[in-house]
Amino acid sequence: MNNARAAGAPPQRTIDIVNASLKRRYAKERRFRLLGLGAVVLGLLFVALLFADIVGKGYTAFQQTYIQLPVTFDASVIDPEGALDPETLRRANYAALIRKAQREVFPEVTARRDTRALGSMISVGASSHLRDMVLADPDLIGTTKEVWLLADDDIDMLVKGHIDRTLPESERRVKDQTLGWVERLESEGRIEKRFNTIFFTHGTSREPELAGIAGALMGSFYTLALTLLFSFPIGVGAALYLEEFAPKNRWTDLIEVNINNLAAVPSIVFGLLGLAVFIGIFGVPRSTPLIAALVLSLMTLPTIIIASRAALKSVPPSIREAALGVGASPLQTQLHHVLPLAMPGMLTGTIIGMAQALGETAPLLMIGMIAFIVDIPSGFTSPSTVLPVQIFLWADSPERAFVERTSAAIMVLLAFLILMNLTAVLLRRRFERRW
Amino acid sequence: MSTTVDEMSRRTGAMSSAELSGERESRATVGDVTVANPRMVCRDVDVWYGAKQAIKGVSLDIGKNEVVSMIGPSGCGKSTFLRCLNRMNDTIDGCRVTGSIQLDGQDIYDKGLDPVPLRAQVGMVFQKPNPFPKSIYENVAYGARIHGLTNNKAELDELVSASLQKAGLWNEVKDRLDQPGTGLSGGQQQRLCIARTIAVSPEVILMDEPCSALDPIATAIIEELIDELRANYSIAIVTHSMQQAARVSQRTAYFHLGDLIEVGETNQIFTNPKHRLTEDYITGRFG
Amino acid sequence: MSTTVDEMSRRTGAMSSAELSGERESRATVGDVTVANPRMVCRDVDVWYGAKQAIKGVSLDIGKNEVVSMIGPSGCGKSTFLRCLNRMNDTIDGCRVTGSIQLDGQDIYDKGLDPVPLRAQVGMVFQKPNPFPKSIYENVAYGARIHGLTNNKAELDELVSASLQKAGLWNEVKDRLDQPGTGLSGGQQQRLCIARTIAVSPEVILMDEPCSALDPIATAIIEELIDELRANYSIAIVTHSMQQAARVSQRTAYFHLGDLIEVGETNQIFTNPKHRLTEDYITGRFG
Amino acid sequence: MNPSTLLIVLLGLMAFAYHFGRKRAISAAGGVARLNTLHSLPAYYGLYAALWAGIPALLLMGLWVGFQNEILITIVKSELPPEILDGMSSGQIGLIVNDIKNLASGTIVSGVVTPEMQAAADRYTQLDQIARWAMWLAVLAVAVAGMGYAWAKTKPTMRARNRVETIFMVILVIFSSIAILTTLGIILSVLFESLLFFKSVSPLEFFFGTLWSPQTALRADQVGASGAFGAVPLFTGTLMVSAIAMLVAVPIGLMSAIYLSEYAPRRVRSYAKPTLEVLAGVPTVVYGFFAALTVAPVIRELGISLGLDVASESALAAGLVMGIMIIPFVSSLSEDVINAVPQAMRDGSYALGATQSETIRRVIIPAALPGIVGGILLAVSRAIGETMIVVMAAGLAANLTANPLDSVTTVTVQIVTLLTGDQEFDSPKTMAAFALGLTLFVVTLTLNVIALQIVRKYREQYE
Amino acid sequence: RDSVWIAGSSTVFPFSTAVAETFGRESSFPTPKVESLGTGGGFKLFCSGVGVDKSDISNASRAIKLSEFEQCRENGVTEITEVKIGYDGIAIANAKSGPVIDLTLGELWQALAKDVPNDAGELVPNPYKKWSEINKDLPDVAIEVLGPPPTSGTRDAFVELAMEGGCDSFDSIKALKKTDKDKHKAVCHGIREDGAFVEAGENDNLIVQKLVANPNALGIFGYSFLDQNADKVQGAKIDGVEPTFETIADGSYPVSRSIYFYVKNAHVGTIPGIQEYVAEFTNDKAWGPEGYLADKGLIPLPDDMRASVAEQAQALTPMEAPAK
Ligand SMILES: Nc1ncnc2c1ncn2[C@@H]1O[C@H](COP(=O)(O)OP(=O)(O)OP(=O)(O)O)[C@@H](O)[C@H]1O
Ligand SMILES: Nc1ncnc2c1ncn2[C@@H]1O[C@H](COP(=O)(O)OP(=O)(O)OP(=O)(O)O)[C@@H](O)[C@H]1O
Ligand SMILES: [Mg+2]
Ligand SMILES: [Mg+2]
Ligand SMILES: O=P([O-])([O-])[O-]
């Protein structure tokens, strides 16, 4: 039967040829499989490496150093008139209370320079903490209470061991004098590391110990929500139209090439476009989730469209024929049969596009998102910044304490990313099937 | 087969290789292509796949309450022609149809015509079973759902079970209606597709080898179904079994390399074909 | 069909609904399942799809130089059994096979056995034609390429054209070998898949309804091919056409709801079936 | 009384319209039993009514929200004593208006509050109230009118499905044209400045010059002498970094996709895939640090131990890390399309005795090729468009080199640095960014055209 | 808009934000929004006109240029108040594990210039590969300096202060200034492009980290980063002076520049809080030697100068057009 063999040669059984070559083929098979496994392992390794790197640098940011001081809520400072007027209470000089409390713990420190150094151990945010305490409970006035007060970032770094106590004084940000105070406070149990709630509840700040990620997180949330709202329907719709309904001609070829090309446009150019068109022409406010979402939507659209078209292409035509054959309209055919089958691919495109949008900094440079905005945004048009920008800004800050906060912010971003992907992944799994 | 075709062309003496590749005038059809009360009227239908012509000037009527069977060697264009009748060819890139095809006097290739209701009216069973990757129930219920044929779940259940029963599949699947239609055996899939098609009660039914994967008993059930449907509807059926054509159809059309060679009463075609090609084919003397 | 099965089960008097769902002892097969010089030996083969048993304790030999045909109603497990013989069932999620199947005395479900050379030895034509989305040429050349059966382009060309000729497709496609195999008609695709299978010269060939989409002439060519192949190889063929079974096979096996009911000389089965179910089926008295 | 409340009300109204359109269609047909006299499913009549209730009203609302402020301001301004606005630029007027608005909203105002201003603010508040009410009224009226129209139109013969589908189709077309508009916007916003740039720098020098040194160039004495605007090194740099990235991402991504979809157990796959996707979302700043502080020193050490001369900022480090970043573009997208290849294709190949890897390489990959190429194209695109990593790890030195151990710079890096730093904004230096953007656009366009042709040629459609 | 909008230099950003934050916390005004766009980007926005959608204050790590001032004027921004807020020292540093470096500006220039005079006094492409080739007291390692890109204000200042200062220590070049001003500038400002000078991006933290990884390299960055990373890097002495708070403030450290912000007077009185912000910034509590900005690394102006600038700033005295 082996007619292809040279005439005259004894007929050779296929199985012999197969068996002869099998070893080689299996070696190939094994290599191939190993390559695949290697690739996956390598990929996962990269993820693990990045995570380990980030977590290793950032986990300390979830704790914050506090110093305990016996604060006397002196009525003559807080409420000289005794009227308990909230406005007076708000404006009172709480820093003075802290200074007084410090004097009590360190009665020997009297020189002006030294008291200044002593004072700088406590964060500038501590006084607002005292104010909040008093406003919440005016009965405190006149009493003395041990209060845990937020330490300054340098002290925080020292306590966490990011500043080496053994270094010569000249190379240390925390001088010997302060170091002595810290050690004394530590021995008295007046220094403690506590969970850093500020990081999760506050907006950014120039003071590392007061800086929080909440503002950027909310900004990212609003931005991403809008981006998804814009780009998913538009991307899927456009893919659907171009792949399934548009006539196939040079014009649609042009559109296809053009969309592929948009994917290669540097993201900063989308920023330029946003600046020129959305801000310049349509007057969309700068530095808001709205403008960021518009720009990021344009940026992610090509990703979603390309992935969606690939997914649509891989649905076998017989499914469409079957639906059309029972009298479904083309749109029904798509919505009922083709879209569900293409959904995993579309969701993948969306996941990747959104991930990219979540981590993108460059185009936001152009539209005013690289900004110092303290307040936590409350809507789509309130000034805000986003996580990657916050990370970018913190990474560029000189204060040592921002290093761990940068990593912590990255962890928050990754958590956000994972949460976001999880939903999509669950959805995707529902749609996945082989046929 | 190589010898087959060669010999045949020698005998018919009219087919060069140019003909085989479709560059030739279409041949006049032997027999009367018209019927007294037509539902579908096709005139001079040409179909091209890109540059390749698959159907050449075919004219044929499909009458009320009749079953027309189409026979012919593999690749002669039966499926292609069938697919023209409910515009399923629209979905194939590069497929062009010219000529006129009318349903109840209305040109179905008319610009303004909506192919959707057309396809609801002219149902089709495909040559390769193509169940949806959904449950068996949903496969059958789909048409009724989109056309709103039933008003409630009970009616829909009723319709699904009736359709499956008619297609002879009910007993095999009644316990697993919620399982995917793609997990059925070949013949079961084919019957599922038949059930799906008849569930929307189309008025014309196109069947492309509906029994090719079926055993004789299942085939008999389908043939019975066809006979029953004929009372109200028109049916065009492609089949390779001449016995089946003889059993179910009133008229038979014989296709050859894109031409409609001969049409006539089924009896006449099988007992007394007029064209030599037809005769060769049905007597098995083809090769 | 509902009445059909009901009546039937009443008659056989042994089938409750529990049986239908496969919770029953398998029935002993009537007739001799063994042959003098077997190539494949199957003993007590069970196949489950998840919890559903599709094949129940089937034992059957396939001899050297013989054609065994398998018949039976749609959904009775013919394809499933056939797919066991070259372990194609491995690819179906949740499909389990027990029992023993041997090829030349070697258990093919042996842990150490490698399905790759097995499948090169035991070729298969599927029920639904599944040409690769490649050119016609590449479809046929594929097997030879992966196994390295030819040494140069000329030999490969030769092999491709010979295989296509044997499958009776050469004349129809010789001018378009570089066009996609998916653009062929249903019957052409089926023949393409046959050509693809025989191109690797397997020693056992499993054919799942190879002629279901073929016209009588093409069918005749394939039947001729089967007859020719039998000289050297073993063939198992699933068919719904009893005529075809009678024409091509030496032995016939009748399956019913997962059981192998009866095996015997083809002549004997068709003229003098021993089991009532077989008799009912082949006389068309089934329903 | 704010627009979002109105939006919710409107959505409620649409839901009502849907329900009511459906009911109407059913009764027009003569009851549930005679639904077959309807042209379309009752749900389509419902949708039809809902769309009629919603779309015009939404459009009106959009316009209203967009222009209300403008109009109110115009009215308030026209009522201000003319001497206040005398001789003011529009920006200054804008500031006054801002003051009035601040006054009206009760936030702090700077300066003294004059009676005129107070009056204007009161007027503004009043008008604002009126306008809000008017908007509610108008929008709801339009919605109800739309519903009425749909009501009148609802007859059994109305082709509700076709109409609804036409509306959807129009929406889809609008969606598709957004991509085109984006391109147009980009081209237009880049073209103008590019032309300005080419007026001062000859295109010949830009496209064929091999020296890039935008800072020192164009000081009258230095054109030609030292730095210049020869963009060739930027393009070779981009090419090299992207090529290195693709050399990392394509094999790893594709092999991962293959392994996950064909070999890996389902569970492994369902965890590994999303985990890999995280790589795409890590902020590029992070990758930048990773490349500059972890990878680059390792490469440097390695190179030195091999006696090679490695720049501390090498293209290799940037390319490698960028490659890691774009792995998911290749792996996830490819995995989806590979998964979508019908099982029958695999069966056909296995039945001929193909091993799994042969099946994958010869049948599945070709069948899935269009999607895979799509993924790779996206990855290439991302690599070309990426900035941060290169800024941080490969530096800004525009070397014309083929040595991946050298430092290079890319087009995007230059665009960013030219646009954001301490540039004088009207100098050709800044304009050069636009010219670079445009050129990159054209180059990638050409690449994409070629890619499209290739995909066309090798596309293999199953079934 | 009810809050002040500040945009501009990334160098001034840390100071500006610190003031903005304190201002927001301690006054009844909302916290100003501060954008980091770079000095040029800041001026572009600032000078594009008067209006709610234009910034109120522009931060700058250099003085406004004439072209920018004119652009402002064209767009109706006629009255601008210039506020010099202090100094930013530029440190040249290496890793602690490396040797302590003591350079003259001239040596620095010789190491980094594109062309340097040879023994005969003719300009030749920089031949120096190692520091020791310039001065044998310097370490015997290859010259590798990581510095900011040409687009940053730090680089501009470095070129103008360090490079130009260095090249003028060569008489032959100094003489050039009189004869051929352009040539002089070209020679002094030209930084070598053969790899010895590495443009390491805008992120100063990154440069610090890279120095730690590569003890043979020197880096150029802002003083605040040296201050914060005193345990990792050490500043090189320039002309014998170490970069410290005191040496920069008293002007003995030669490489430091002034930083500024500019106020759009037309917005004062319409956008609430501008004056108050300026007052907060120019208060000794903020920018004084003991102020919180000093903690952030700002080198304050001398006392008398601070007083006069504060007075002018709080009076919003518009500036004259800058020279050239
Ligand atoms: N993948 C699957 N999953 C679950 N059940 C299956 C699957 N494939 C087949 N079955 C069931 O197993 C039984 C046997 O199927 P099989 O395909 O072997 O039938 P067959 O004899 O080949 O029928 P036909 O003649 O219709 O092709 C049928 O009831 C079928 O529904
Ligand atoms: N999509 C397509 N593209 C190109 N050619 C096609 C396509 N479909 C069918 N053809 C060709 O058109 C001719 C007629 O095909 P058709 O499917 O109508 O044949 P058929 O009569 O149904 O054959 P069979 O009985 O084998 O199904 C054949 O030569 C076939 O190869
Ligand atoms: Mg056909
Ligand atoms: Mg079967
Ligand atoms: O942001 P700059 O200070 O470098 O202009």
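What you are looking at is a predicted structure, and each value in this text was computed from that prediction instead of being measured.

Let us now look at the site of ligand 2. Taken together, 21 residues are adjacent to ligand 2, and B:S74, B:S79, B:T80, C:S185 and C:G187 come closest. Taken together, the residues near ligand 2 originate from chains B and C. Note that an oxygen atom of ligand 2 is positioned 3.0 Å from one of the side-chain N or O atoms of B:H240. Within the complex, 88% of the 630 Å² of free accessible area of ligand 2 lies under protein. Considered class by class, the residues forming the shell around ligand 2 number five nonpolar, twelve polar and four charged.

We now examine the site of ligand 1. Of all residues adjacent to ligand 1, which total 22 residues, the nearest are B:G187, B:Q188, C:S74, C:S79 and C:T80. The environment around ligand 1 is built from residues contributed by chains B and C. Note that an oxygen atom of ligand 1 is positioned 2.9 Å from one of the side-chain N or O atoms of B:R176. Contact between ligand 1 and C:G75: an oxygen atom at 2.7 Å from a main-chain N or O atom of the residue. Where the shell around ligand 1 is concerned, the elements lending two or more residues are helix 8 (186-199) of chain B together with strand 2 (52-63) and helix 3 (78-84) of chain C. In the shell around ligand 1, the residues fall into six nonpolar, twelve polar and four charged.

Take the UniProt feature "domain: ABC transmembrane type-1" (unreviewed entry) in chain A next. In the numbering used here, UniProt assigns the feature "domain: ABC transmembrane type-1" (unreviewed entry) to residues 217-424 of chain A. Along residues 217-424 of chain A, the helical share is 75% and the strand share 1%, with 20 Å between the first and last C-alpha atoms.

By the definition in use, this model includes two disulfides over all chains. Bridging E:C47 to E:C72, the disulfide has an S-S length of 1.9 Å. The disulfide joining E:C47 to E:C72 has a torsion of about -75° about its S-S bond and is therefore left-handed. With E:C47 in the loop between helix 2 (39-46) and strand 3 (57-60) and E:C72 in helix 3 (residues 66-74), this residue pair connects regions lying 25 residues apart in the sequence. Counting only cysteine sulfurs, B:C95 is the nearest neighbor of B:C84, a cysteine outside any disulfide, at a range of 6.4 Å. Here C:C76 stays unpaired: no disulfide links it, and the sulfur of C:C84, its closest cysteine neighbor, is 13 Å away. Of the residues examined, C:C76 reaches a relative accessible area of 2% and is grouped as buried.

This brings us to the side chain of C:R119. Relative to the helices and strands, C:R119 is located in helix 4 (residues 115-121). Engagement of the side chain of C:R119 in a polar contact is seen with the backbone oxygen of C:N86, the distance being 3.0 Å. Beyond its immediate stretch of four places on either side in the chain, C:R119 contacts C:N86, C:R87, C:M88, C:D90, D:Y350, D:A351, D:L352 and D:G353.

All names here are of chain B. Pairing is antiparallel across the open sheet formed by four strands, whose spatial order is 2-1-4-5. Single-partner strands in this sheet number two, and they are strand 2 (52-63) and strand 5 (106-107). Across eight bridges, the pairing between strand 1 (residues 38-49) and strand 2 is antiparallel. Bridge pairing in strand 2 places V45 opposite V58.

All names here are of chain B. The protein atoms donating to the magnesium ion (ligand 3) are S79 (OG) and Q127 (OE1), with metal-donor distances spanning 1.8 to 2.1 Å. With S79 in helix 3 (residues 78-84) and Q127 in the loop between strand 6 (122-125) and helix 5 (136-147), this pair connects stretches of sequence that are 48 residues apart. Given a relative accessible area of 17%, Q127 falls into the buried group.

With that out of the way, let us pick up the arrangement of the chains. Highest in contacts among the eight pairs of chains that touch are chains A and D. Kept free of each other, chain B and chain E leave a smallest C-alpha distance of 53 Å between them. Nothing in chain C touches chain E; the tightest C-alpha to C-alpha distance between them is still 51 Å.

Before going further, it helps to examine the interface of chain D and chain A. Contact residues are listed per partner, giving 98 residues for chain D and 93 residues for chain A. Summed over both partners, the interface of chain D with chain A comes to about 8,100 Å²; 72% of that surface belongs to carbon and sulfur atoms. Ranking the residues of chain D by area buried against chain A places D:F175, D:M255 and D:Y259 at the top, with a combined share of 7%. The tally of links from chain D across to chain A stands at three salt bridges. Put simply, D:E277 and A:R428 hold a salt bridge, and the shortest N to O gap is 2.9 Å. Connecting chain D to chain A are 14 residue pairs in polar contact (both at pLDDT 80 or more). The element that contributes the greatest number of residues to the side of chain D that touches chain A is helix 6 (residues 160-200) of chain D, accounting for 17 residues. Among the residues forming the side of chain D that touches chain A, the class breakdown is 57 nonpolar, 27 polar and 14 charged.

Rules and cut-offs
Residues numbered from 1 in each chain as written. Chains lettered and ligands numbered in written order. Predicted model: local features only at pLDDT ≥ 70, side-chain atom pairs only at ≥ 80, totals over all residues. Heavy atoms only, no water. Near = heavy atom within 4 Å. Polar contact = N/O pair within 3.5 Å; in protein donor to acceptor, adjacent residues only side chain to side chain. Areas by Shrake-Rupley, 256 points an atom, 1.4 Å probe, with all protein chains shown as cover. Nonpolar A, V, L, I, M, F, W, Y, C, P; charged D, E, K, R; others polar. Helix = DSSP H or I, 4+ residues; strand = E, 2+ residues; numbered from the N terminus. UniProt positions renumbered as here; feature names shortened; annotations may be inferred. Disulfide = S-S within 2.5 Å. Buried < 20%, exposed > 50% of the residue type's maximum accessible area, 1.4 Å probe, protein only. Contact = heavy atoms within 4.5 Å. Pairing = 2+ DSSP bridges. Donors = N, O, S within 2.8 Å, 3.2 Å for Na, K, Ca; no water. Buried area = accessible area lost by both parts, 1.4 Å probe. Salt bridge = Lys/Arg side-chain N within 4 Å of Asp/Glu carboxyl O.

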